[in-house]
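Take a look at the letters that make up each chain.
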Amino acid sequence: MSWLFGYSRPQMPPTEEPPADAGDSGPAAPPVNLTKAEKRAMEAYRFDSSALERAAQAAKELERSRHAKEALELSKLQEVTRQQEQMTKIKEYEASIEKSKVEQKRIDHEERRKTLQEETKQHQIRAQYQDQLAKKRYEEQLLQQQKSQEEILRKQEESVAKQEALRRATIEHEMELREKNKLKAIEAEARARAKADRENRDISLEQIRLKAAENRTTVLESIKTAGSVIGAGLNALVTDWDKTLTVAGGLSLVALGVYTAKGATSVTARFIEARIGKPTLVNETSRFSLLEAIKHPILTVSKAVASFKKPTDALGGVVLAPTLERRLRDIAIATKNTRINKGFYRNLLMYGPPGTGKTLFSKKLAKHSGMDYAILTGGDVAPMGKDAVAAIHKVFDWANSSRKGVLLFIDEADAFLRKRSSERISEDLRAALNAFLYRTSDQSSRIMLVLASNTPQQFDSAINDRLDKMIEFGLPGFDERERLIRLYFDKFVLQPASEGKRRLSVEQFDYGALCGKLAERTAGMSGRALSKLGVAWQAAAYASDDGRLTEQMCLDICDDAVADHRQKMEWLSEEEKSRSMMPYLLDLPPLDQAVGKASIEDQPNSKETISKSKKDKKKSSKNLEEDK
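Here goes a summary of the coordinates provided. (Residues numbered from 1 in each chain as written. Predicted model: local features only at pLDDT ≥ 70, side-chain atom pairs only at ≥ 80, totals over all residues. Heavy atoms only, no water.)

Focus: the pattern of salt bridges
Next up, step 1: Counting across every chain of the model gives 19 salt bridges.
Next up, step 2: Glu 187 is the partner of Arg 191 in a salt bridge, and the nearest nitrogen-oxygen pair spans 2.6 Å. Taken together, the positions of Arg 191 and Glu 187, both in helix α4 (residues 68-199) and four residues apart, correspond to about one turn of that helix.
Next up, step 3: Note on Arg 191: relative accessible area 57%, which makes it exposed.
Next up, step 4: The partly exposed category is assigned to Glu 187, whose relative accessible area is 41%.
Next up, step 5: For Arg 486, the salt bridge goes to Glu 482, with nearest N and O atoms at 3.4 Å. One end of the pair is Arg 486 and the other is Glu 482, both in helix α14 (residues 478-499) and four residues apart, which spans about a single turn.
Next up, step 6: Since its relative accessible area comes to 40%, Arg 486 is described here as partly exposed.
Next up, step 7: The exposure class of Glu 482 is buried, given its relative accessible area of 18%.
Next up, step 8: Connected via shared salt-bridge partners are Glu 151, Arg 154 and Glu 158. (Salt bridge = Lys/Arg side-chain N within 4 Å of Asp/Glu carboxyl O. Helix = DSSP H or I, 4+ residues; strand = E, 2+ residues; numbered from the N terminus. Buried < 20%, exposed > 50% of the residue type's maximum accessible area, 1.4 Å probe, protein only.)

Rendered as structure tokens:
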């Protein structure tokens, strides 16, 4: 509305001259002689009425116009728009101020963090330098002490050597004199004995003749007496029938007593073996046995104390793939609840390469669920021959007598549970297999059967029918190998070094980075092979001059172990490669590849290699199905 009221036009200041028309009725002209301050005051109170007149004229014209309301609304909208724009600018200005404050705070925080990092770094450098100085001083002190001890030891050895030489000379002289006297005494005694023998020769010959005659007479008389007594007894037995019947009845009673005692002894022995002893096929068990307690009392007491402790995790100390760990944890929970609710156990088959944790998990599964475990080996059944059937029945009778329930773990089960149709097995082994099938025909609430094998395709079809769950234990991947290496490095190297009781120390280096390098190099190795690698590190430290294990020693030992493992894989027969180990050998790099120089992309954990290995595994499984 500024144009309406004439605000847009600049107002001209009034002139000091009076108006031209003196006859108009208006205010009188100010006096001429005024000061500057008075003139300013008068100018401030002057008012130009022409602008109001124009505004009034424009307002009248606008009221007569038909667009008056629209012009008023438009002017209002323009004023609102200007106010909104002004508010937007104010908010943008405030936002920019807040943003600058946040940026300043971030810069201050970053500067503070850098300062703290630099201070931490300086502290670490200072601590390392002080540690090096302390170690150097300690080594110098040890060196001085060693030199002084060596000097004292050398002097003591020289004095001891002199004393030993004098003592040895004295002893040699005494021995020489004693030997001379002894030889003279022996010579004199031999001469005297020879002289006496020559003088008593006739008397000795006569005594020998008399002894021989008396011996011959005694033997002849004993033969005559025995013959007469036996002849009289036989004559009386033949002539007197009452005595004959008495002898026959006595012999029959003796035979009956012998056979009865033998049968009772065998029954008692079986009862004692089932309740107190341990079957011959069981190599290891956690169940209490009186005979084992007598043989190994300390081990039995330790087992009894451990049984009162809270059950541990079924996967404690076992490093496996995450998916496999989830499956095994579900099985452990189901087994524990089955024992608590007295339900029927499910039979398991664990197959895969050797050294992947099958036996270890079985023991921990039994301890976690509160059951007893018993470990058998399939290779012990075949050498027993005809006694294998009785031994298998003894094992199951012994297991059925347990109140807690027994987890029966059979390692290398394919040794006697082979196919009866295609495999050539002996009659004794066939009978043992039939006995095993008979004892496992129904689900049991006391025995949980766990079989382990490297070649599960060799099982008989009836054995496969008795298995409720099959679990594959594959070779550890990159993450699992790194966890295993950390576990065994801590167990065999760091813990003995931290105890300080053994001659073992470790050089300072980045253990985490070393475990990552070793995990890359050990592709295709099992958990048992990695545990042997930890033992090799410990042995190398003990064999070194100062008992110190360095990073380079760890890498060299790992390279040697990897080369040996590759060579073992090359020595496998074609049947072993095609049946048992081929799915796990596909991920291995070739033997002639430089150990430790392969990049991460060449490792079996890369996406291309994993996809390729999966395709090869599918091909191998198809080939196996065609062979079947």
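So, the nonpolar core
Next up, step 1: Among the nonpolar cores identified, the biggest contains 32 residues, and Leu 417 and Leu 451 are the most heavily contacted of them.
Next up, step 2: When residues of this core are traced back to their parent elements, those giving at least two are β3 (372-377), α11 (387-400), β4 (406-411), α12 (427-439), β5 (447-453) and α13 (461-465).
Next up, step 3: The element that contributes the greatest number of residues to this core is α11, accounting for seven residues.
Next up, step 4: Those residues within four positions of Leu 417 in sequence are excluded, and the remaining contacts are Leu 433, Phe 436, Leu 451, Gln 458, Phe 459, Asp 460 and Ile 463. (Core = buried A, V, L, I, M, F, W, Y, C linked by side-chain atoms within 4.5 Å. Contact = heavy atoms within 4.5 Å.)

A look at unusual backbone geometry
Next up, step 1: A positive phi angle is found at Lys 342, which is not glycine, with a value near 55°.
Next up, step 2: By the element assignment, Lys 342 lies in the loop between α9 (322-341) and β2 (348-351).
Next up, step 3: Even without being a glycine, Glu 412 presents a positive backbone phi close to 50°.
Next up, step 4: Relative to the helices and strands, Glu 412 resides in the loop between β4 and α12.
Next up, step 5: The class of Glu 412 is partly exposed, set by a relative accessible area of 31%.

Some remarks on the environment of Phe 396
Next up, step 1: Within the element layout of this structure, Phe 396 appears in helix α11.
Next up, step 2: Each C-alpha atom of the pair Phe 396 and Val 406 lies 9.7 Å from the other, and the pair is ten residues apart in sequence.
Next up, step 3: Setting aside residues no more than four positions away along its own chain, Phe 396 makes contact with Leu 408, Phe 436, Arg 439, Thr 440 and Ile 447.

Some remarks on the sheet that holds β5
Next up, step 1: Taken together, the six strands give an open sheet; going across it, the order is β1-β3-β4-β5-β2-β6, and neighbouring strands pair in mixed fashion. With partners counted over all chains shown, the strands left at the sheet margins are β1 (284-285) and β6 (469-472), one partner each.
Next up, step 2: Where β4 meets β5, five bridges bridge the pair, whose relative direction is parallel. Bridge pairing links Leu 408 to Leu 449 in β5.
Next up, step 3: In the packing of α9 onto the sheet, contacts are made with β2, β5 and β6, and the angle to β6 comes to roughly 145°. (Pairing = 2+ DSSP bridges. Axes fitted to C-alpha atoms, helices over the stretch in contact; angles between N-to-C directions.)

Overview of the packing of aromatic side chains
Next up, step 1: On inspection of all chains with the given rule, the structure shows seven aromatic pairs.
Next up, step 2: Ring centres of Phe 489 and Trp 537 lie 5.5 Å apart, and the angle between their planes is 70°; on these two criteria the pair is classed as edge-to-face. Placement of the pair is Phe 489 in helix α14 and Trp 537 in helix α16 (residues 527-543), with a sequence separation of 48 residues. Take Phe 489 and Trp 537: they sit in the same class, and that class is buried.
Next up, step 3: Through successive ring pairs, a cluster of aromatic residues spans Phe 489, Phe 509, Tyr 511 and Trp 537. (Phe/Tyr/Trp six-rings, centres within 6.5 Å; stacked < 30°, edge-to-face > 60°.)

Let's talk about the packing of helix α15 (residues 511-521) against helix α17 (residues 551-571)
Next up, step 1: Two elements in contact, α15 and α17, have axes whose closest approach is 10 Å; the angle formed by their N-to-C orientations is 15°. It follows that α15 is roughly parallel to α17 by the angle criterion. Here α15 runs over α17; the crossing is right-handed. Contacts between α15 and α17 involve Leu 514, Lys 517, Leu 518 and Arg 521 on the former and, on the latter, Glu 551, Cys 554, Leu 555, Cys 558, Asp 559, Val 562 and Arg 566.
Next up, step 2: Residues of the contact of α15 with α17, tallied by class, amount to six nonpolar, no polar and five charged. (Parallel < 35°, antiparallel > 145°, perpendicular 65-115°, else oblique. Left-handed = near helix turned anticlockwise from the far one by under 90°. Nonpolar A, V, L, I, M, F, W, Y, C, P; charged D, E, K, R; others polar.)

Quick word on α12
Next up, step 1: The end-to-end C-alpha distance of α12, which contains 13 residues, comes to 18 Å, matching closely the 18 Å that a straight helix rising 1.5 Å per residue would cover.
Next up, step 2: Among all positions in α12, only Leu 429, Ala 432, Leu 433, Ala 435, Phe 436 and Leu 437 are buried.
Next up, step 3: Turning to α12, the residues buried within the fold contact α11, β4, β5 and α13. (Expected span 1.5 Å × (residues − 1).)

Focus: the packing of α9 against helix α10 (residues 358-369)
Next up, step 1: Interaxial distance between α9 and α10 falls to 9 Å at its minimum, and their mutual angle equals 40°. The angle between α9 and α10 falls in the class oblique. Classified by chirality, the crossing of α10 by α9 is right-handed. Only Phe 361, Leu 365, His 368 and Ser 369 of α10 make contact with α9, whose side of the interface consists of Leu 328, Ile 331, Ala 332, Thr 335, Lys 336 and Arg 339.
Next up, step 2: The residue makeup of the contact of α9 with α10, split by class, is five nonpolar, three polar and two charged.

Overview of the pairing of β3
Next up, step 1: The element β3 is largely enclosed, with a buried count of five among its six residues.
Next up, step 2: Inspection of the sheet shows β1 paired to β3 by two bridges, in the antiparallel sense. Opposite Glu 284, over in β3, you have Ile 375 as the bridge partner.
Next up, step 3: With α11 bridging β3 and its parallel neighbour β4, the resulting β-α-β unit is right-handed. (Right-handed = clockwise from strand over helix to strand, strands pointing away.)

Considerations on the pairing of β4
Next up, step 1: Taking burial as the measure, the six residues of β4 include five buried ones, the bulk of the element.
Next up, step 2: Relative to β4, β3 runs parallel, the two being bridged by six bridges. Bridging from a neighbouring strand, Thr 377 pairs with Asp 411 of β4.

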